[in-house]
Amino acid sequence: MTSAGNAVEPFDAVDVIRTKRDRQLLSDAQIDWVIDAYTRGVVAEEQMSALAMAIFLNGMTRTEIARWTAAMINSGQRMDFSGLGRRTADKHSTGGVGDKITLPLAPLVAVFGVAVPQLSGRGLGHTGGTLDKLESIPGWRASLSNDEIMAQLRDVGAVICAAGTGLAPADKKLYALRDTTATVDCVPLIASSIMSKKIAEGTDSLVLDVKVGSGAFMKSLDSARELARTMVDLGTDAGVNTVALLTDMSTPLGLTAGNALEVRESVEVLAGGGPSDVVELTLALAEEMLTAAGRPEADPAAALADGRAMDVWRAMIRAQGGDPDAPLPVAPHTETVSAERDGVLSRVDALQVGVAAWRLGAGRARSGDPVQATAGVEVHAKPGDRVSKGQPLLTLHTETPERFGRALEALDGAIEIGDASPEVSSIVLERIE
Ligand code: URA
């Protein structure tokens with residue numbers, strides 16, 4: 001027994017760690033206690049890091065993961081959108097390079113009367129954060145109260161904003177700890193982290209975009225399948241209509257990675273243009289969300305083409321203080337990477353482009369660091385494109401030109417030019433329900 005202050009604790013953290021270290025199953029009571037006690041500060045950071053590493057090394061059963069997820073949900077509040085009188089649908093991506101899909105997707109789905117509460121996060125490491133991207137729009141505000149979220153869902157139909165601190169606070173602490181203890185890329189911990197937030201958010205239906213490839217947490221199709229299966233089962237068991245698409249993240253999505261650059265590209269998609277892979281994935285996810293929300297007959301492609309999705313976007317940005325007509329900021333310094341030979345582009349590596357964008361200032365090394373709105377990488381050609389020697393392939397953008405050197409180092413070997421066309425697969429690789 002351990003005592004903290006006057007309270008008598010029913011377990012000892014060391015025993016819980018030892019259980020998982022020795023490959024035994026954690027009991028429901030141990031899991032409930034360890035998550036609650038960690039949130040209260042009774043289980044110390046070093047004890048939770050040891051437990052996270054034991055889980056990383058020895059795994060958890062589906063029963064343990066479900067209980068761990070429930071305990072994280074119970075660490076905070078749950079949101080309730082039932083008063084809206086409309087079906088709600090949400091999308092969550094496991095994170096990738098150039099993944100701006102939430103921006104066109106939320107207003108697009110809202111066109112059809114489905115409410116889209118997108119509670120989003122900020123970027124950490126080489127993957128960008130949706131809130132950081134939107135904050136490059138002059139005046140736009142990420143933090144909304146629960147009442148403001150409800151009002152915006154009623155009036156506009158879509159809201160993209162910061163998840164409040166009350167939602168799964170255990171995950172907030174644990175995610176920051178995992179980030180500094182090499183325990184992020186672990187299926188039980190990723191699945192419980194994502195699904196605790198999504199279930200606590202209270203959406204009726206959820207579409208998961210599980211990324212696969214160099215720029216994703218899951219590098220192989222098998223590990224992405226396992227993550228998707230685990231999350232779909234957790235959602236379904238909690239009464240959330242959940243499906244997952246496994247999608248390619250071996251090369252950056254679209255032609256931009258970086259905050260304002262990605263907003264610009266998203267607006268192009270909303271205007272009926274934009275890169276084909278971004279349009280394809282936006283439509284695939286919109287169709288899944290609309291089907292899950294009982295609108296399988298809806299035609300999202302038409303709503304992109306005729307400006308209805310753009311109208312909702314503009315209303316959504318305005319509702320949060322942003323000016324959809326204000327020019328987006330542009331970096332004062334650029335540098336170009338050109339093709340070294342004639343041929344067919346066979347690889348533009350997602351992870352390396354993501355790290356370059358991050359080093360240029362688009363991302364942060366520690367939570368709370370500022371990001372540059374204008375920094376990032378523009379990609380001028382995609383795998384399968386024929387290129388000629390000297391043709392610009394990438395443009396690097398930054399406000400601080402001393403960053404070019406390290407960004408260019410990150411790109412070493414990122415681009416391959418061959419003689420034959422590579423096999424270019426569809427962006428959606430598999431569907432799991
Ligand atoms: N996103 C999350 O919210 N949690 C993880 O563990 C990984 C990605």
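Each remark here, short or long, concerns the structure printed above.
No experiment lies behind these values; they were computed from the predicted model shown.

Participant: Could you give me a rundown of a nonpolar patch on the surface, with the residues and numbers involved?
Facilitator: Taken together, the side chains of Met53, Phe56 and Leu57 define a hydrophobic patch exposed on the protein surface, amounting to about 270 Å² of accessible area. For Phe56, the location among the structural elements is in helix H3 (residues 45–58).

Participant: Pulling in residues and values, what's your account of the sheet that holds strand S11 (residues 376–379)?
Facilitator: The 4 strands lie next to each other as S8-S11-S13-S9, forming an open sheet whose pairing is antiparallel. This sheet does not close on itself; its edge strands, each paired only once, are strand S8 (256–257) and strand S9 (333–338). Looking at chain direction, S8 and S11 are connected through 2 bridges and run antiparallel. Opposite Thr256, over in S11, you have Glu378 as the bridge partner. In the packing of helix H15 (residues 350–362) onto the sheet, contacts are made with S8, S11 and strand S13 (392–398), and the angle to S11 comes to roughly 140 degrees.

Participant: Describe the site of the ligand, naming the residues involved and giving the relevant values.
Facilitator: The environment of the ligand is formed by Tyr175, Arg178, Ile190, Ser193, Ile194, Lys197 and Phe217. Take Arg178: an N or O atom from its side chain is 2.9 Å from an oxygen atom of the ligand. A distance of 2.4 Å separates an oxygen atom of the ligand from a polar atom in the side chain of Lys197. With the chains in place, 92% of the 230 Å² that the ligand exposes on its own is no longer accessible. When contributions to the shell around the ligand are tallied by element, the ones reaching two or more residues are helix H8 (169–179) and helix H9 (187–201). It is H9 that contributes the most residues to the shell around the ligand, 4 residues altogether. In terms of residue class, the shell around the ligand is built from 4 nonpolar, 1 polar and 2 charged.

Participant: I'd like to hear about the environment of Ala52, residue by residue, with values.
Facilitator: Structurally, Ala52 can be placed in helix H3. A relative accessible area of 2% places Ala52 in the buried class. Considered as a pair, Ala52 and Arg21 are 31 residues apart in the sequence and their alpha carbons are 10 Å apart. Apart from the residues lying within four places of it in its own chain, the contact partners of Ala52 are Thr183 and Leu189.

Participant: Which residues make up the nonpolar core, and what are the values?
Facilitator: With 75 residues, the main nonpolar core has Val109, Leu134, Leu304, Trp313, Val377, Leu393 and Leu396 as its most contacted residues. When residues in this core are grouped by element, the largest group, 9 residues, is from helix H12 (residues 276–292). Both domain 2 (82–319) and domain 3 (333–418) contribute no fewer than three residues apiece to this core. One finds Trp33, Met72, Phe81 and Leu119 within the second-largest nonpolar core, a separate group that totals 60 residues.

Participant: Describe the pattern of salt bridges, listing the residues and the values that go with them.
Facilitator: Overall, the coordinates contain 33 salt bridges when judged by the stated rule. Across the pair Arg18 and Asp15 runs a salt bridge, and its minimum N-O distance is 2.9 Å. Remark: Asp15 and Arg18 occur in helix H1 (residues 13–21); sequence separation between them is 3 residues, near one turn of the helix. Arg18 sits in the partly exposed class, given a relative accessible area of 37%. A salt bridge links Glu265 to Lys100; its shortest N-O distance comes to 2.7 Å. Pair noted here: Glu265 is in helix H11 (residues 259–270) and Lys100 is in the loop between strand S3 (89–93) and helix H5 (102–110), with a separation of 165 residues, a long-range link. Judged by its relative accessible area of 0%, Lys100 falls in the buried class. In the salt-bridge network here, residues are joined through shared partners; they are Glu9, Asp36 and Arg40.

What counts and what doesn't
Residues numbered from 1 in each chain as written. Predicted model: local features only at pLDDT ≥ 70, side-chain atom pairs only at ≥ 80, totals over all residues. Heavy atoms only, no water. Patch = residues over 30% accessible without salt bridge, like charges linked within 9 Å, V, L, I, M, F, W, Y side chains within 5 Å. Areas by Shrake-Rupley, 256 points an atom, 1.4 Å probe, with all protein chains shown as cover. Salt bridge = Lys/Arg side-chain N within 4 Å of Asp/Glu carboxyl O. Helix = DSSP H or I, 4+ residues; strand = E, 2+ residues; numbered from the N terminus. Pairing = 2+ DSSP bridges. Contact = heavy atoms within 4.5 Å. Axes fitted to C-alpha atoms, helices over the stretch in contact; angles between N-to-C directions. Near = heavy atom within 4 Å. Polar contact = N/O pair within 3.5 Å; in protein donor to acceptor, adjacent residues only side chain to side chain. Nonpolar A, V, L, I, M, F, W, Y, C, P; charged D, E, K, R; others polar. Buried < 20%, exposed > 50% of the residue type's maximum accessible area, 1.4 Å probe, protein only. Core = buried A, V, L, I, M, F, W, Y, C linked by side-chain atoms within 4.5 Å. Domains from an automatic or database assignment.

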